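The chain contents come next:
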Amino acid sequence: KAGIVATLNARAAVLAAANPLYGRYNRHKSLSENINLPNSLLSRFDLMFLILDIADVDRDMALARHVTFVHQNEGLESTKPE
């Protein structure tokens with residue numbers, strides 16, 4: 001305070017995730033527009049990775065069936081008579 005300006009060395013790691021506005025990434029808009037964060041904030045990150053989920057009804061259905069099967073059968077062990 002009182003007009004003192006200082007630069008301090010700091011080491012920190014930040015891992016962040018964001019979902020696009022309205023649930024779908026719009027390839028015609030910039031990253032900052034899709035996640036509704038200002039460029040001034042995004043510029044503080046050294047690396048940014050964009051992971052897109054390409055909609056595939058058959059693959060999504062197979063994954064959903066697998067996940068529900070695993071959760072429905074969780075903790076069940078097959079009992080074999082000896």
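Computed from a prediction, not measured in an experiment: that's the story for all the values here.

Visitor: What is the right way to look at the overall build of the chain in this model?
Guide: The number of helices and strands found in the chain is three helices and zero strands. What you see in the chain, going N to C, is helices and strands ordered as α-α-α. Once the C-alpha set of the chain is aligned to its principal axes, its extents read approximately 80 × 40 × 20 Å. Burial analysis of the chain (82 residues in total) assigns 5% to the buried set. Of the roughly 8,800 Å² of accessible surface on the chain, a fraction of 55% belongs to carbon and sulfur atoms. Between the centroid of the 9 positive side chains of the chain and the centroid of its 9 negative side chains there is a distance of 12 Å.

Visitor: In this structure, what is going on with helix H3 (residues 57–72)? I would like to understand it.
Guide: Residues spaced three or four apart along an α-helix point in a common direction, a consequence of the helix completing one turn every 3.6 residues. With 16 residues, H3 extends 22 Å from end C-alpha to end C-alpha; this agrees with the ideal 22 Å at 1.5 Å per step. Counted residue by residue, H3 has zero buried out of 16 residues, so it is predominantly exposed.

Visitor: Before we go on, may I ask you to explain the confidence of the model for the chain in this structure?
Guide: Detailed reading of the predicted model is not advised wherever pLDDT is low. Averaged over the chain, the pLDDT score is 87; the fraction of residues at 70 or greater is 93%. Mean pLDDT values over the elements of the chain span from 89, in helix H2 (residues 39–42), up to 95, in H3.

Visitor: In this structure, what is going on with a negative patch on the surface? I would like to understand it.
Guide: Taken together, the side chains of Asp53, Asp56, Asp58 and Asp60 present a region of like negative charge at the surface. Using a relative accessible area of 63% as the deciding quantity, one classes Asp58 as exposed.

Visitor: Before we go on, may I ask you to explain the environment of Pro20 in this structure?
Guide: Looking at the secondary structure, you find Pro20 in the segment before helix H1 (31–35). For Pro20, a relative accessible area of 23% corresponds to the partly exposed category. As for Pro20 and Asn36, which are separated by 16 residues in sequence, their C-alpha atoms are 7.7 Å apart. The contacts of Pro20, once residues within four sequence positions are left out, are Tyr25, Asn34 and Ile35.

Visitor: Can you walk me through the side chain of Asn34 in this structure?
Guide: Turning to its location among the elements, Asn34 is positioned in helix H1. Dropping the residues within four chain positions of it, Asn34 is found in contact with Asn19, Pro20, Leu21, Arg24, Tyr25, Asn26 and Lys29.

Visitor: I would appreciate a short explanation of the environment of Gly23 in the present structure.
Guide: Inspection of the secondary structure assignment puts Gly23 in the segment before H1. For the pair Gly23 and Asn34, spaced eleven residues apart in the sequence, the C-alpha separation amounts to 9.5 Å.

Visitor: Sorry, what's going on with unusual backbone geometry here?
Guide: Trans peptide bonds make up the majority, and among non-glycine residues the majority have a negative phi. In this model, Tyr22 sits at a positive phi of 60°, which is unusual for a non-glycine residue. The phi angle at Asn36 is positive, at roughly 60°, despite the residue not being glycine. Structurally, Asn36 is set in the loop between H1 and H2.

Visitor: Would you mind showing me how to read the side chain of Ser32 here?
Guide: Topologically, Ser32 is positioned in helix H1. Look past the residues within four positions of Ser32 in its chain and what remains in contact with it is Leu37, Asn39 and Leu42.

Rules used throughout
- Here, residues in each chain are numbered from 1, in the same order as that chain's written sequence.
- Only residues with pLDDT of 70 or above have their local features reported here, since the model is predicted, and side-chain atom pairs are shown and tallied only from 80 upward, although totals for entire chains, interfaces and linings are computed over all residues.
- Each side-chain value is worked out from all heavy atoms of the structure, with water and hydrogens disregarded.
- Here a strand is any run of E in DSSP of at least two residues, a helix any run of H or I of at least four, and the numbering for each starts at the N terminus.
- Three exposure classes are used, based on accessible area relative to the maximum for each residue type with a 1.4 Å probe and protein chains only: buried under 20%, partly exposed in between, and exposed over 50%.
- Only the protein chains shown count as covering a residue, and every accessible area follows the Shrake-Rupley method with a 1.4 Å probe.
- Note on charges: Lys and Arg go in the positive column, Asp and Glu in the negative column, and His and the chain ends are not counted at all.
- Positions of charges follow a simple convention, taking NZ of Lys, CZ of Arg, CG of Asp or CD of Glu.
- Multiplying 1.5 Å by the helix residue count minus one yields the expected span of that helix.
- Each residue carries a pLDDT score, the predictor's confidence in it, ranging from 0 to 100.
- For patches, a residue must show more than 30% relative accessible area and have no salt bridge; joins then use 9 Å for like charges and 5 Å for nonpolar side chains, namely Val, Leu, Ile, Met, Phe, Trp and Tyr.
- For this document, the term salt bridge refers to a Lys or Arg side-chain nitrogen within 4 Å of an Asp or Glu carboxyl oxygen.
- Residue contacts are counted whenever heavy atoms from the two residues lie within 4.5 Å of one another.

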